[in-house]
Amino acid sequence: MEQGKAAALNMAGESFDYQGTPLEARLKVAGISLFSAGNIEDTEGHLIKTKSTDEMYRKFFLKDNKLTGAIVINDNKAAIAASKVLKEEAEISILEDFF
């Protein structure tokens, strides 16, 4: 949607830079759901918050109080919340219950 907005504004003569769409992957196989999004590789200087049980795993990558990436296994609510924060549709505070 953001890409279409940028194209329309630029065609109308306004200058609008498209910043890219956050990458997100979701997979469900053999009863295991996996969500991965954002930057999960270049983590230098990041605060990494991890929580796991026998049934689920959550790992959030934060820098300057901003979510930069997430890996979530078998926790759909945490995956949805992380996706919203990464897309800047919600404040990072919605993730506090998942840390």
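Residues numbered from 1 in each chain as written. Predicted model: local features only at pLDDT ≥ 70, side-chain atom pairs only at ≥ 80, totals over all residues. Heavy atoms only, no water.

### A word on the overall build of the chain
From N to C terminus, the chain includes two helices and five strands. C-alpha atoms of the chain, sized along the principal axes, occupy 55 × 35 × 25 Å. Buried residues in the chain amount to 24% of all 99 residues. In the chain, the proportion of contacts linking residues at least 24 apart, taken out of those at least 6 apart, comes to 35%. Surface exposure of the chain reaches about 7000 Å², of which carbon and sulfur atoms provide 50%. For the chain, the separation between the mean place of its 12 positive charges and that of its 16 negative charges on side chains is 6 Å. (Helix = DSSP H or I, 4+ residues; strand = E, 2+ residues; numbered from the N terminus. Buried < 20%, exposed > 50% of the residue type's maximum accessible area, 1.4 Å probe, protein only. Contact = heavy atoms within 4.5 Å. Areas by Shrake-Rupley, 256 points an atom, 1.4 Å probe, with all protein chains shown as cover. Lys, Arg positive; Asp, Glu negative; His and termini not counted. Charge placed at Lys NZ, Arg CZ, Asp CG, Glu CD.)

### With respect to the nonpolar core
Counting residues in hydrophobic clusters, the biggest one holds 16 residues, and the most contacted among them are Phe35, Phe60, Leu67, Ala82 and Leu95. Of all the secondary-structure elements, those providing two or more residues to this core are strand 2 (32-38), strand 4 (57-63), strand 5 (66-73) and helix 2 (76-86). With six residues, the top contributor of residues to this core is helix 2. Leave out the neighbours within four places in its chain, and leucine 67 touches Phe60, Phe61, Leu62, Ala82, Val85, Leu86, Ile92 and Leu95. (Core = buried A, V, L, I, M, F, W, Y, C linked by side-chain atoms within 4.5 Å.)

### Some thoughts on the pairing of strand 2
Relative to strand 2, strand 1 (residues 24-29) runs antiparallel, the two sharing six bridges. Opposite glutamate 24, over in strand 2, you have alanine 37 as the bridge partner. Two successive antiparallel strands, strand 1 and strand 2, enclose a turn made up of two residues, where alanine 30 displays a positive phi of approximately 50°. Across five bridges, strand 2 lies against strand 5 in antiparallel orientation. Considered in strand 5, the bridge of leucine 34 is made with isoleucine 73. (Pairing = 2+ DSSP bridges.)

### A look at the sheet that holds strand 1
One open sheet holds the five strands; their spatial order is 1-2-5-4-3, and the pairing between them is antiparallel. Pairing within the sheet leaves two strands with one partner each, and these edge strands are strand 1 and strand 3 (47-52). Between one strand axis and the next, the sheet turns by 10° as a mean value, whatever way the strands run. Sitting on the sheet, helix 2 touches strand 1, strand 2, strand 4 and strand 5, and the angle it makes with strand 5 is about 155°. (Axes fitted to C-alpha atoms, helices over the stretch in contact; angles between N-to-C directions.)

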